[in-house]
Amino acid sequence: STYAGVLIGIVNTLWLFPHFFTPEQYGLTQVLLAITVIFTQLSQLGTPATLTNFLPRIKEDTGKTGAFLSVMFGAPVAGFFLVALATLLFQVDIKEFYIEKSKLVTDYYLWVYPITFFYVYMYVLYSYCRTFLRIAFPTLVLDVVIKVCVSVELLLFHFHFFSFTGFIMLFTLNYGIAALLLWIY
């Protein structure tokens, strides 16, 4: 699935995005993801690594993981709200930084928050699955499903099924669906 994901990513990056979006629109999607990755690292509060390192030991030693998992799935919520609060307090400064380079970033900046929330849980759940050596489906979701969804959305955008704002909504929803699929798994 990783090779398929790379191939789909190449098609998206080298052909679909440049042909269907203006450079500013394509740049916006990349800036949103770059900001999301930074916010995600801060929001997770180390839970993916903590899950991977300590969950097997706790399960082996006590057999009880309920309280530990509650903390591991609750901490990112607290981290997300702290990051959101801190960045919203400096929202004007952040927007001023980007307004010279891209007005679109300032117009769509708030979409970073739902993408970040979904991204945080997508990777926490991926780490949980990895802890139990159940990585085939999560890898498929992260490497292939999201990229296929983006490809379909790009094609639908190209054929005017929805506006650019509609694309950003669906782009955001991709990560929510991925997190939901991993939760169900």
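Because the structure is a prediction, the values reported are computed rather than measured.

What counts and how
Residues numbered from 1 in each chain as written. Predicted model: local features only at pLDDT ≥ 70, side-chain atom pairs only at ≥ 80, totals over all residues. Heavy atoms only, no water. Helix = DSSP H or I, 4+ residues; strand = E, 2+ residues; numbered from the N terminus. Buried < 20%, exposed > 50% of the residue type's maximum accessible area, 1.4 Å probe, protein only. Contact = heavy atoms within 4.5 Å. Areas by Shrake-Rupley, 256 points an atom, 1.4 Å probe, with all protein chains shown as cover. Core = buried A, V, L, I, M, F, W, Y, C linked by side-chain atoms within 4.5 Å. Patch = residues over 30% accessible without salt bridge, like charges linked within 9 Å, V, L, I, M, F, W, Y side chains within 5 Å. Salt bridge = Lys/Arg side-chain N within 4 Å of Asp/Glu carboxyl O.

A.B. asks: Sorry, what's going on with the overall build of the protein here?
C.D. replies: On a plain count of helices and strands, the protein comes out with nine helices and zero strands. Taken over the C-alpha atoms alone, the protein extends approximately 55 × 40 × 20 Å along its principal axes. Looking at the protein as a whole, 43% of its 185 residues qualify as buried. For the protein, long-range pairs separated by at least 24 residues make up 77% of all intrachain contacts whose partners lie at least 6 apart in sequence. Accessible area for the protein stands at about 10100 Å²; split by element, carbon and sulfur atoms hold 72% of it.

A.B. asks: Would you mind going over the nonpolar core with me for this structure?
C.D. replies: In globular proteins that are soluble, nonpolar side chains generally tend to be buried together. Membership of the largest hydrophobic core comes to 46 residues, with the highest contact counts inside it found for Met-122, Leu-154, Phe-164, Phe-167 and Tyr-175. Contributing elements (two or more residues each) for this core: helix H1 (2–20), helix H2 (23–43), helix H3 (47–61), helix H4 (66–89), helix H6 (103–108), helix H7 (112–131), helix H8 (136–158) and helix H9 (164–184). Examining the composition of this core, we find that ten residues originate from one element, H7, more than from any other. Discounting chain neighbours no more than four positions away, the residues touching Met-122 are Leu-142, Ile-146, Tyr-175, Ala-178, Ala-179 and Leu-182.

A.B. asks: Even after reading the chapter, I still don't get a nonpolar patch on the surface, so can you show me in this structure?
C.D. replies: A contiguous nonpolar patch, built from Val-6, Ile-10 and Leu-14 and spanning about 280 Å² of accessible area, is present on the exposed surface. Its location among the elements puts Leu-14 in helix H1. Assessed through its relative accessible area of 61%, Leu-14 is described here as exposed.

A.B. asks: I would appreciate a short explanation of the environment of Tyr-126 in the present structure.
C.D. replies: Within the secondary structure, Tyr-126 sits in helix H7. Along the sequence, Tyr-126 and Glu-60 sit 66 residues apart, while their C-alpha atoms lie 21 Å from each other. Among all residues touching Tyr-126, those that are not within four sequence positions of it are Pro-138, Thr-139, Leu-142 and Leu-182.

A.B. asks: Just checking my understanding: could you explain the pattern of salt bridges for this structure?
C.D. replies: It is possible for side chains of opposite charge to pair when their charged atoms get near one another. Applying the stated criterion across every chain, the model contains one salt bridge. For Asp-107, the salt bridge identified is with Lys-103, shortest N-O distance 2.8 Å. Pair noted here: Asp-107 and Lys-103 are both in helix H6, with a separation of four residues, about one helical turn. Classification of Asp-107 as partly exposed rests on a relative accessible area of 45%.

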